[in-house]
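# Observations on the three-dimensional arrangement
Each chain is listed here by its residues.
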Amino acid sequence: MPFKNSTLVSDIKNTVVGKPYLATTQNLRYIQELCSAPEKAFTILGSGDSVFQLVYSGAKRIEAVDANKEQFKAFSLRRAAIMALEYKDFCDFLLRPYGKKFLIVI
């Protein structure tokens, strides 16, 4: 069977593209190892973990972009959860998708 590019693109659009990541899919330790306190930084927004790691590292000005427009919503939710919840509650709310408290607001 010949490879059908349009089928692959269609499958990707229906499964991945346009759906936001709630947690990072990469190891961000490199940020801390490469830059101890950057004045300015540029990163992919993704789940926002790279932004939070850069803030933790001391970055003063961060520019984050993402082709997926839903990522800003996921980042805003994550930022609000970090500011409002204790660590365990944050993990239950955003990082444990099969838990009883996942995305549940009381």
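Our structure's up above, just so we're on the same page.
Residues numbered from 1 in each chain as written. Predicted model: local features only at pLDDT ≥ 70, side-chain atom pairs only at ≥ 80, totals over all residues. Heavy atoms only, no water.

Between its terminal C-alpha atoms helix 4 (residues 71–84) stretches 20 Å, which fits the 20 Å expected from 14 residues at 1.5 Å a residue. Taken together, the buried positions of helix 4 are Q71, A74, F75, R78 and A81. Buried residues of helix 4, seen end-on, are gathered within an arc of 130 degrees and therefore sit on one face of the element. Those residues of helix 4 that are exposed and angled more than 90 degrees off the buried face are F72, K73, M83 and A84. (Helix = DSSP H or I, 4+ residues; strand = E, 2+ residues; numbered from the N terminus. Expected span 1.5 Å × (residues − 1). Buried < 20%, exposed > 50% of the residue type's maximum accessible area, 1.4 Å probe, protein only. Arc of directions from axis to C-beta.)

Within helix 5 (residues 87–95) the residues assigned to the buried category are F90, C91, D92, F93 and L94. Of the surrounding elements, those touching the buried residues of helix 5 are helix 4. (Contact = heavy atoms within 4.5 Å.)

Here the focus is the nonpolar core. Residues A81, F90, C91, F93 and L94 constitute the largest nonpolar core, which totals five residues. Sort the elements by how many residues they give to this core and helix 5 lands first, with four residues. Beyond its immediate chain neighbours, meaning those up to four positions away, F90 contacts R78, A81, I82, L85 and L95. (Core = buried A, V, L, I, M, F, W, Y, C linked by side-chain atoms within 4.5 Å.)

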